Amino acid sequence: MADEQKIVVEVPSSSGHYSPVPTQELSKLEEFKKGWMDAIALPDNLADMAFDITASVAIPALLTSCWVSLPLPSFIRLGVMGVVVLSGVIACYLREMIPEIQPILFIRLGLVFVGLLLGS
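Conventions we followed
Residues numbered from 1 in each chain as written. Predicted model: local features only at pLDDT ≥ 70, side-chain atom pairs only at ≥ 80, totals over all residues. Heavy atoms only, no water. Phe/Tyr/Trp six-rings, centres within 6.5 Å; stacked < 30°, edge-to-face > 60°. Lys NZ or Arg CZ within 6 Å of the ring centre and 35° of its normal. Helix = DSSP H or I, 4+ residues; strand = E, 2+ residues; numbered from the N terminus. Buried < 20%, exposed > 50% of the residue type's maximum accessible area, 1.4 Å probe, protein only. Lys, Arg positive; Asp, Glu negative; His and termini not counted. Salt bridge = Lys/Arg side-chain N within 4 Å of Asp/Glu carboxyl O. Contact = heavy atoms within 4.5 Å. Core = buried A, V, L, I, M, F, W, Y, C linked by side-chain atoms within 4.5 Å. Expected span 1.5 Å × (residues − 1). Arc of directions from axis to C-beta.

Section: the packing of aromatic side chains
- Counting across every chain of the model gives zero aromatic pairs.
- Its guanidinium or amino end placed over the ring of tryptophan 67, arginine 77 lies 4.7 Å from that ring's centre, counting from NZ or CZ.

So, in structure tokens, the structure goes:
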């Protein structure tokens, strides 16, 4: 019992000059922008970044290779074209609405384009 240390906790009284630090709340638009910036940003870890870049090139290359070499039915080709058009519209929308992500968006689209070229 003699070896135990006592912990003293000071609790500010309500009559003192205690004021909590106000938190800065983001608007819904700022939360939307921050969410997309976090989603598109490259990882800080070198291993994760290498994996991310490799996947950004390899997956489109694999899909393009299957597109060119396999006899796919026309409804599947039409569906894939629809997804590509929708992805392009979303990328253009993001470029217009969030100019802060424009450089990293172009890097990501460039990696996908390289993958498409490698697969064909």
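Now that the structure has been shown, the text picks up again.
Details of the side chain of lysine 33
- If you trace the backbone, lysine 33 turns up in helix 1 (residues 28–40).
- Buried charge lysine 33 goes without a salt bridge, the closest partner of opposite sign being glutamate 30 at 4.3 Å.
- When near neighbours in sequence (up to four residues on either side) are disregarded, lysine 33 contacts Met97, Ile98 and Glu100.

Overview of the nonpolar core
- Ile40, Leu94, Ile98, Ile101, Ile104 and Leu105 together form the largest nonpolar core, which totals six residues.
- Sequence-distant contacts of isoleucine 101, that is, excluding residues within four places in its chain, are made with Met37, Ile40 and Leu94.

A look at helix 4 (residues 102–119)
- Counted at 1.5 Å a residue, the expected span for helix 4 with its 18 residues is 26 Å, and the 26 Å between its end C-alpha atoms agrees.
- Regarding helix 4, the residues found buried are Ile104, Leu105, Arg108, Leu111, Gly115 and Gly119. One side of helix 4 carries all its buried residues, which in axial view fall inside an arc of 125°. Turned more than 90 degrees from where helix 4 packs its buried face, Pro103 and Leu117 sit exposed.
- Against helix 1, helix 2 (46–69) and helix 3 (74–97) lie the buried residues of helix 4.

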